[in-house]
Amino acid sequence: MIELVDVKKRFGLKKVLQGVSFTAPRGAITCLTGLNGAGKTTILKAIMGLTPIQSGSIRIDGSAPHQAMYERIVYVSDQLTMPGRMRIADCFTFMQDYYRNWNSDRANELLARFQLNAADKVNSLSKGMAAKLNLLFGLAMDADYMLLDEPFSGVDIFSREEIAAVFSSEMVEGRGIILTTHEIKEIEHLLDYVVMLDHGRITKQFASEDMRMEEGKSVVDVMREVYKR
Amino acid sequence: MTTYWKLLSFELRRLLLPFCILVVFTTVIQLYNAYSKAHKAVDYANKIMKKERLTTMEQYANAHGYFSYSDSFNQLNWIIFSIFICAAFVGFYFVMIWYRDTLGRHPFMTRLLMLPSSRNNLYWAKLTAPLLIMFSLLALQQILVPIGDSIYSSIVPSEARQDVPLEFLIGLNPVLNILLSNSYIDFLFYYGTGITAVIVLFTVILLERSYRLYGLLAGLAYAAAAILLIAIPLFLLQSDLRYSLTEIQLTIMYFVIIALISGVSAWFGQHLLAKKISI
């Protein structure tokens, strides 16, 4: 379980996270939503130790984040995190060199599934292909948790469907997933928990199934209520 | 440790193309310099011999002096230009080695920071890769001087040529004299100071990457403090206190200060990389 307790973060004088607390269990998909600048990406980066927090605590299965955990938890940024001149095949070699949990068979399977070419250079990929390759880097690691930052950002409808299909596949089964997105519609039925953010504060968090059963509202309905206020 | 070697090899592979270009550029420039200087010398001698009706090179040398490869070493020329280009590249790369992975469409630094091993490996790999390139270029210089000398000797006849030892050749050139110093103390002085400067520069960059503008200001203040500390022995050398300290004591003081600055800066830089950097 990933657990955030009273996490606060400032960029200069700007308060980006103002006491954020939530838990994301393993085997469930937790979605962070909010308007631009709500602090979604900062939360993911803070969990990964890519930006320090001012106060509060972050625990992963009960322990504080440390460098070795990068084999158990994988962050899929909204940008490709490989040098532009590298070929996809070289990226695979790089990942295999550094991560013991890199699953080459799964990587090649996903390469075919996403119709990517191993000889292509990273900087030659379109936005949709880059998003798929990013997702591939996350899925090809046998990690317990996956953090995905805007996996649908700037992606066309077909690529979006392809990516959404992955979330209902056996590839994510048993993993704890935290994702940030504005494009809720495609994956709404897959979400287990939703955390709504506004200006670095949690405005609402709920289990989507409970919300459907008890109040008869979908995630999109709740989003409309919260953000159109 | 394995990760360090992998990262070092990765950084070196990224530097391979510019390194090869620099090797070819420096080699061509310096060997062509030796070739053209030799031909100019022979042409000049022939012209004078014709004018003065001299029949042998020996006669020319007796009347006008000997030619030497050292003539092309004791002045500002292509040799210094090629060294300057290499130095400028290495200097520029010491700054860019952090920024090239942080800026742009594909922030590779995110991936590097998420490697499942200590971030210290990344720090040391990024420090040692350009240093290795720098020492390789110096080794190239060491090789090019005797090759240039051989080219010169093969063109200028021995009767008109005065051969000089390589150490003397290097000593004549103000830049090569520093880069390929003969004395251990000088070598330690120049390279110790240079490596300390790079470690301090890394700290400034990592402060900037951690705290942006405030970090840059703090980094500049840190660098200024480091320069002031390094200047203490040099200041003492100029002051009246120089009579109460021997040269050896001042040298030891200097090396202790740069070791201290390097140690503190390296520790601080690694701390920033591990705990404070923000992507």
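An account of the accompanying structure is given in this report. (Residues numbered from 1 in each chain as written. Chains lettered and ligands numbered in written order. Predicted model: local features only at pLDDT ≥ 70, side-chain atom pairs only at ≥ 80, totals over all residues. Heavy atoms only, no water.)

## A closer look at the overall build of chain B
Item 1. Along chain B, the regular secondary structure elements total nine helices and zero strands.
Item 2. Scanning chain B from its N terminus toward the C terminus, one meets helices and strands in the order α-α-α-α-α-α-α-α-α.
Item 3. The C-alpha radius of gyration computed for chain B amounts to 24 Å, which surpasses the reference 19 Å derived for 279 residues by more than 25%, pointing to a less compact arrangement than a globule.
Item 4. Taking all 279 residues of chain B together, the buried fraction comes to 46%.
Item 5. Within chain B, residue pairs in contact and separated by at least 24 positions form 78% of the contacts whose partners lie at least 6 positions apart.
Item 6. If you sum the accessible surface of chain B, you get close to 14500 Å²; carbon and sulfur atoms cover 69% of it. (Helix = DSSP H or I, 4+ residues; strand = E, 2+ residues; numbered from the N terminus. Rg over C-alpha atoms; globule rule 2.2 N^0.38 Å. Buried < 20%, exposed > 50% of the residue type's maximum accessible area, 1.4 Å probe, protein only. Contact = heavy atoms within 4.5 Å. Areas by Shrake-Rupley, 256 points an atom, 1.4 Å probe, with all protein chains shown as cover.)

## Section: the packing of aromatic side chains
Residue and element names in this part refer to chain B.
Item 1. Going through the model one piece at a time under the given rule, you end up with 25 aromatic pairs over all chains.
Item 2. Measuring from centroid to centroid gives 5.4 Å for Tyr69 and Tyr152, while their planes differ by 40 degrees, and the two rings are tilted. Of this pair, Tyr69 sits in the loop between helix H2 (57-64) and helix H3 (78-102) while Tyr152 is found in helix H5 (residues 120-155), placing the two residues 83 residues apart along the sequence.
Item 3. When its relative accessible area of 4% is taken as the criterion, Tyr69 is described as buried.
Item 4. In this structure Tyr152 comes out as buried when scored by relative accessible area, which is 3%.
Item 5. Ring pairing ties together the aromatic residues Phe94, Trp98, Tyr123, Trp124 and Phe202, which thus form one cluster. (Phe/Tyr/Trp six-rings, centres within 6.5 Å; stacked < 30°, edge-to-face > 60°.)

## Remarks on the sheet that holds strand E2 (residues 14-24) of chain A
Residue and element names in this part refer to chain A.
Item 1. Across the sheet, which stays open at both edges, the three strands sit in the order E2-E1-E4 with antiparallel pairing between neighbours. With partners counted over all chains shown, the strands left at the sheet margins are E2 and strand E4 (55-60), one partner each. In this sheet, adjacent strand axes meet at a mean angle of 20 degrees when their direction is disregarded.
Item 2. As judged from the eight bridges shared by strand E1 (residues 2-11) and E2, these two strands associate in the antiparallel manner. Of the residues in E2, the one forming a bridge with Lys8 is Gln18. (Pairing = 2+ DSSP bridges. Axes fitted to C-alpha atoms, helices over the stretch in contact; angles between N-to-C directions.)

## Description of the interface of chain B and chain A
Item 1. Taken together, the 25 residues of chain B in the interface contact 29 residues of chain A.
Item 2. Taking both sides of the interface into account, the surface hidden between chain B and chain A amounts to around 2400 Å²; carbon and sulfur atoms contribute 58%.
Item 3. Broken down residue by residue, the surface that chain B buries against chain A is led by Arg111, Met114 and Pro116 of chain B, which jointly contribute 30%.
Item 4. Inspection of the region where chain B meets chain A yields zero salt bridges.
Item 5. For the pair chain B and chain A, the number of links is 15 residue pairs in polar contact (both at pLDDT 80 or more).
Item 6. Broken down by secondary-structure element, the contributors of at least two residues to the side of chain B that touches chain A are helix H1 (2-52), helix H4 (108-113) and helix H9 (247-276) of chain B. (Buried area = accessible area lost by both parts, 1.4 Å probe. Salt bridge = Lys/Arg side-chain N within 4 Å of Asp/Glu carboxyl O. Polar contact = N/O pair within 3.5 Å; in protein donor to acceptor, adjacent residues only side chain to side chain.)

## Focus: the pairing of strand E8 (residues 193-198) of chain A
Residues and elements named next belong to chain A.
Item 1. Where strand E3 (residues 29-34) lies against E8, five bridges are found, and the strand directions are parallel. Of the residues in E8, the one forming a bridge with Thr33 is Met196.
Item 2. Across six bridges, the pairing between E8 and strand E9 (residues 201-207) is antiparallel. Along E9, the bridge assignment pairs Tyr193 with Ala207.
Item 3. From the end of E8 to the start of E9, which pair antiparallel, there are two residues, and His199 there has a positive phi angle of about 45 degrees.

## Details of H1 of chain B
Item 1. Its 51 residues place the ends of H1 of chain B 70 Å apart at the C-alpha level, agreeing with the 75 Å of an ideal helix rising 1.5 Å per residue.
Item 2. Backbone geometry just downstream of H1 of chain B places Arg53 of chain B in the positive-phi region, at approximately 55 degrees. (Expected span 1.5 Å × (residues − 1).)

## Let's talk about a nonpolar patch on the surface
Item 1. A surface patch of nonpolar side chains, about 430 Å² in accessible area, is lined by Val24, Val28, Tyr32 and Tyr35 of chain B.
Item 2. The exposed category is assigned to Tyr32 of chain B, whose relative accessible area is 55%. (Patch = residues over 30% accessible without salt bridge, like charges linked within 9 Å, V, L, I, M, F, W, Y side chains within 5 Å.)

Read these as geometric descriptors, not functional statements.
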